[in-house]
Amino acid sequence: MNALQLFVPCAAGVESFLAYEVAQITGLPASDIQTLRGGVQLQASWRAAMQLNLHSRLGMRVLIQLATAPYLNEQDIYNAAAGVAWEMWFTPRESFRIDFTAQHSPLKSLNFAALRVKDAIADRFREKTGVRPDVDTQRPAVRVHLHLSEKTQSIYLDTSGEPLFKRGWREDKGDAPLKETLAAAMIAASGWDATVPLYDPCCGSGTIPIEAAQIACGIAPGLHRRFGFEKLLPFQNHVWQGLLDEARAAQHAPSAPVFGSDVAF
């Protein structure tokens, strides 16, 4: 688990900021992090995947790339998914779902392509264990992502579960709340480094000042939520608890004051 191919998607235009953040979190040199359209790619350990989930403010998810291959039809997609050793990652007791994205895919039915991935996973489990896992489109334990480009398919395992903008602290979303990942991107683009005061005079539900306050206090964004990797077989609770302890120990008094106000307050 020390050479996983990871992809961390993000909003368009945030890639360079995310690449810098990933380098800071993982300790990898910038040359080992590839900036792509819509995210960054890197080779890293399972531990690094957990660290990215815990500490990334800009990433949307942390995905493990399990397969990439050319395709012409849905059978090629089935074959690629059937070749993945899913039994190394989860058991038939865990439910799963398939999410898919496509860019210039020649296939007429993307839903059918996703169904072929589902069939391949179920068939492999039946062959290996005699039992197939259930599909749960609402609250799955495991999420699998299929991405189709014009000629290439990529299959990913989601280690995040719920998207990373869900920090775990918000109870009332309010009207049209700003996503936390976008607020963090705005802060990163501003160049604010938590050494000078920050004031948001139109803070709405407070997303920007709350993100800024967490940065100023060294609070990891994922400290108060659960993650998909906790349901996967490589997960070791004592390692995760160690990362949480390190994150809690890194918290400190604010390095700069943060203020927010709004006419609706």
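Above: the structure in question.
These numbers come from a predicted model, not from an experiment.

Enquirer: Explain the packing of aromatic side chains here, please?
Expert: How two aromatic rings sit relative to each other is given by the distance of their centres and the angle of their planes. According to the stated counting rule, one finds 10 aromatic pairs in the structure shown. Aromatic side chains Phe7 and Tyr156 sit 6.1 Å apart centroid to centroid with 35° between the ring planes, which places their arrangement in the tilted category. With Phe7 in strand E1 (residues 4–9) and Tyr156 in strand E7 (residues 152–158), this residue pair connects regions lying 149 residues apart in the sequence. The exposure class of Tyr156 is buried, given its relative accessible area of 9%. A ring pair is formed by Phe90 and Phe125, whose centres lie 5.0 Å apart and whose planes are at 50°; its orientation type is tilted. With Phe90 in the loop between helix H3 (74–82) and strand E5 (96–102) and Phe125 in helix H4 (residues 110–129), the pair connects residues that are 35 residues apart, well separated along the chain.

Enquirer: Help me out: how do you make sense of the pattern of salt bridges in this one?
Expert: Enumeration over the complete set of coordinates arrives at 13 salt bridges. Two residues, Asp119 and Lys118, come together in a salt bridge whose shortest N-O distance is 3.0 Å. Judged by its relative accessible area of 21%, Asp119 is partly exposed. According to the relative accessible area criterion, Lys118 is buried, its value standing at 19%. We note a salt bridge from Arg226 to Glu230, for which the minimum N-O separation is 2.8 Å. Classification of Glu230 as buried rests on a relative accessible area of 17%. Taken together, the shared-partner salt bridges in this structure form one network comprising Arg57, Arg167 and Glu211.

Enquirer: In this structure, what is going on with the side chain of Thr207? I would like to understand it.
Expert: Take Thr207: it is sitting in helix H6 (residues 207–217). With relative accessibility at 1%, the residue Thr207 sits in the buried group. Among the polar contacts made by the side chain of Thr207, one reaches the main-chain carbonyl oxygen of Leu178 at a distance of 3.3 Å. Among residues more than four places away in sequence, those in contact with Thr207 are Arg170, Leu178, Lys179, Glu180 and Ala183.

Enquirer: Is there a simple way to explain the nonpolar core in this structure?
Expert: What tends to happen in soluble globular proteins is that the nonpolar side chains get buried as a cluster. Within the largest apolar cluster, 63 residues are counted, with the highest numbers of intra-cluster contacts made by Trp46, Trp86, Ile121, Val144 and Trp240. Those residues in contact with Ile121 that sit more than four places away from it in its chain are Trp86, Phe90, Phe96, Ile98 and Val144. In terms of nonpolar packing, the next biggest core, distinct from the first, is built from 8 residues, Ala183, Ala194, Leu198 and Ala212 among them.

Enquirer: How should the side chain of Ser160 be read in this particular structure?
Expert: Along the chain, the position of Ser160 falls in the loop between E7 and helix H5 (180–190). Taking relative accessible area as the criterion, Ser160 reaches 0% and is therefore assigned buried.

Enquirer: So what exactly am I meant to see when it comes to H6 here?
Expert: In an α-helix, one turn spans 3.6 residues, which is why side chains three or four residues apart end up on the same side. Burial of H6 is extensive: 8 of the 11 residues sit out of reach of the surface. Within the span of H6, buried status applies to Thr207, Ile208, Pro209, Glu211, Ala212, Gln214, Ala216 and Cys217. Among the structural elements, H5, strand E8 (198–200) and strand E9 (258–260) are those in contact with the buried residues of H6. Of the residues flanking the end of H6, it is Gly218, one or two places downstream, whose phi is positive at about 65°.

Enquirer: Even after reading the chapter, I still don't get the sheet that holds strand E2 (residues 33–36), so can you show me in this structure?
Expert: Sheet strands line up and pair through hydrogen bonds in the backbone, either parallel or antiparallel. With mixed pairing, 7 strands are arranged side by side in an open sheet as E2-E3-E1-E4-E7-E6-E5. Pairing within the sheet leaves two strands with one partner each, and these edge strands are E2 and E5. Strand-to-strand, the axes of this sheet are offset by a mean angle of 30°, without reference to chain direction. Summarising the sheet, strand E6 (residues 142–148) and E7 pair through 5 bridges and their orientation is antiparallel. Across the sheet, the residue bridging to His145 is Tyr156, located in E7.

Rules used throughout
- Residues numbered from 1 in each chain as written.
- Predicted model: local features only at pLDDT ≥ 70, side-chain atom pairs only at ≥ 80, totals over all residues.
- Heavy atoms only, no water.
- Phe/Tyr/Trp six-rings, centres within 6.5 Å; stacked < 30°, edge-to-face > 60°.
- Helix = DSSP H or I, 4+ residues; strand = E, 2+ residues; numbered from the N terminus.
- Buried < 20%, exposed > 50% of the residue type's maximum accessible area, 1.4 Å probe, protein only.
- Salt bridge = Lys/Arg side-chain N within 4 Å of Asp/Glu carboxyl O.
- Polar contact = N/O pair within 3.5 Å; in protein donor to acceptor, adjacent residues only side chain to side chain.
- Contact = heavy atoms within 4.5 Å.
- Core = buried A, V, L, I, M, F, W, Y, C linked by side-chain atoms within 4.5 Å.
- Pairing = 2+ DSSP bridges.
- Axes fitted to C-alpha atoms, helices over the stretch in contact; angles between N-to-C directions.

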